[in-house]
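Fold and contact review
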Amino acid sequence: MENDLNPRLSVGRVDWWSILIYAALVLAGWLNIYAAVYDDRHASIFDLSQRYGMQLVWVGVSAFMAVSILLIDAKYYHILAYPLYWGTILILVGVLFFGKEVNGAKSWIMIGPVALQPTEFVKFTTSLALARYMSSYTFDIHRPHDLLRVGAIIGLPVLIVMLQNDTGSALVYGSFLFMFYREGFNRWVYVVLIMVVSLFVFSFLLDPAALLIVLLLVCVISEGLTNGYWRSKLIYVAALTLFVALLYMLLPMLGGSISLHTAILVGVVLSLGLVAAYAYRYKVRNVLMFVLFFFGSLAFTYSIDYAFDNILQTHQQKRILDLLGLESDLKGWGYNVNQSKIAIGSGGFSGKGFLEGTQTKFNFVPEQSTDFIFCTVGEEWGFLGSALVIVLFGILILRLVRMGERQMEPFGRIYCYCVASIFFFHVLVNIGLTIGLMPVIGIPLPFFSYGGSSMIAFTVLLFVAIRLDSAKNELTL
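An account of the accompanying structure is given in this report. (Residues numbered from 1 in each chain as written. Predicted model: local features only at pLDDT ≥ 70, side-chain atom pairs only at ≥ 80, totals over all residues. Heavy atoms only, no water.)

Under the criterion given, the structure shown has 22 aromatic pairs. An angle of 75° between the planes, with centres 5.2 Å apart, marks the rings of Tyr-85 and Trp-86 as edge-to-face. Summarising the aromatic geometry, the rings of Phe-447 and Phe-458 are spaced 6.2 Å apart at their centres and angled 70° between planes, so their arrangement reads as edge-to-face. Within this pair, whereas Phe-447 is found in the loop between α18 (410–434) and α19 (452–470), its partner Phe-458 is found in helix α19, the two being separated by 11 residues in sequence. Exposure remark for Phe-447: the relative accessible area of 1% places this residue in the buried category. Three or more aromatic residues joined by ring pairs form one cluster here, namely Tyr-22, Phe-423, Phe-447, Phe-458 and Phe-463. Directly above the ring of Tyr-76 sits Lys-75, whose terminal nitrogen or CZ lies 5.7 Å from the centroid. (Phe/Tyr/Trp six-rings, centres within 6.5 Å; stacked < 30°, edge-to-face > 60°. Helix = DSSP H or I, 4+ residues; strand = E, 2+ residues; numbered from the N terminus. Buried < 20%, exposed > 50% of the residue type's maximum accessible area, 1.4 Å probe, protein only. Lys NZ or Arg CZ within 6 Å of the ring centre and 35° of its normal.)

Between its first and last C-alpha, helix α10 (residues 208–227) extends 29 Å over 20 residues, near the 28 Å set by a 1.5 Å rise per residue. Along α10, the residues that are buried comprise Ala-209, Leu-211, Leu-212, Leu-215, Leu-216, Cys-219, Val-220, Glu-223 and Gly-224. At its buried positions, α10 is contacted by α9 (187–205), α11 (230–253), α12 (260–281) and α13 (285–310). The N-cap residue of α10 is Asp-207: its side-chain oxygen and the backbone nitrogen of Ala-209 are 2.9 Å apart. Two residues or fewer after α10 comes Gly-228, characterised by a positive phi angle close to 80°. (Expected span 1.5 Å × (residues − 1). Contact = heavy atoms within 4.5 Å. Polar contact = N/O pair within 3.5 Å; in protein donor to acceptor, adjacent residues only side chain to side chain.)

Counted by the stated rule, this structure contains nine salt bridges. Among the salt bridges present, the one from Asp-15 reaches Arg-406, with a minimum N-O distance of 3.6 Å. Taken together, the residues Asp-15 in the loop between β1 (4–5) and α1 (16–36) and Arg-406 in the loop between α17 (374–405) and α18 connect sequence positions 391 residues apart. Judged by its relative accessible area of 25%, Arg-406 falls in the partly exposed class. Residues joined by salt bridges that share partners form a network here, namely Asp-15, Arg-399, Arg-406 and Asp-469. (Salt bridge = Lys/Arg side-chain N within 4 Å of Asp/Glu carboxyl O.)

A separate point is the layout of surface pockets. Volume-wise, the second largest pocket comes out at about 440 Å³. Of all elements in the fold, only α10, α11, α12 and α13 reach the threshold of two or more residues within the lining of the second largest pocket. Among the elements that line the lining of the second largest pocket, the one with the most residues is α10, at five residues. Here the lining of the second largest pocket is built from residues that sort into 14 nonpolar, three polar and two charged. (1 Å grid on protein atoms, 1.4 Å probe; cavity = no way out; pocket = protein on both sides within 12 Å on 5 of 7 lines; lining within 4 Å. Points joined across faces, edges and corners; volume = space filled by probe spheres on them. Nonpolar A, V, L, I, M, F, W, Y, C, P; charged D, E, K, R; others polar.)

When the terminal C-alpha atoms of helix α5 (residues 118–134) are compared, their 24 Å separation across 17 residues agrees well with the 24 Å that a helix rising 1.5 Å per residue should span. The buried fraction of α5 amounts to 15 of the 17 residues, a majority that puts the element mostly inside the structure.

Structure below.
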């Protein structure tokens, strides 16, 4: 028997603090859009011919949506999860054929004079679909069959969005890993993911020989921390070092030649091959696991160069190299981020004041009302204002997590975790890219970046969580 939710909304159970934070962020976002595109010829903040005027319209639509969501019977979000998911998937497919291309991504549809981005709404419907499927009584997060279906729910919109050439929006779906973690997913998966990201970064920063040594030491130390027997680890490292030294020094004396990287690679492959054979014969599974992990990591590091040169587009390659400090093109690929850092840094501790940002007024930062809206916050509000915005976002995300933790049924818990994950990813990446800590992937800052699609979608995401939270004590069997 499924849980049912009482249709009555108890005002006392609504999380009004989250709503107040939402209102504060929306107001701050609107004022910053006004500052970012301010024009003396259109000084009225209500001018509908300007972006700040249109944003006010979207704020009004979002407010109407928020009130409607709170008044709707909470059980319908469970009932309509799959129909809404498949409906938005069909719209995404339609965008591939009939959509409008903006900045190289074919992810927009035109409804009269209004352009909407369905991708923003699919985040909401995917969260509902995940919550619906994972809250079923038969679901087990450790069962491969169930994980395959969950992967399909996430993977389908990711595939379509990638076909639309909107990589940034596709990466947002990776934020659901946080929800999986809270639901008890295998912790080793996250260790592997951290290793993959680390290997990707260090493959650019380290010499191949140094990277090979670091990778081997990480595996040896990890195996030692897991199983102990440090004496055998020291003997192995000493023997390997001696073999590599002899190979590197003696082979040239015999008329051959070998690089240090090749000598280390030969020694490691031969020695770990023997270790793997020993571990397999005597059923030492932990040692065998670390050996396989090493060879898998080694294969990944050697595939990075191929993927970087043949799969990533030129602008994506340049952004990665610029982020890692390996290339600097202040007038080309690095121009946006460089101007963004100048704008934020020029704000100092308390900022230049509302409408007093020179970097903003003279349009030094491209896309300043959308992807780089946080530059306006930094320049005009300074460190204090920027910190306040980040704190408000942090409190809102923590309240979403708390909403999930106090749910009495899994549907609401999983949905709230999904929403917290999406908000966290957007805030982290968008603010991070403006200060050069994240690659530029073009995703909006919730409630700040200009756009009706993102404003409405984030409002719906948040207020459905608030509605489910208000119904947490109204469950009946």
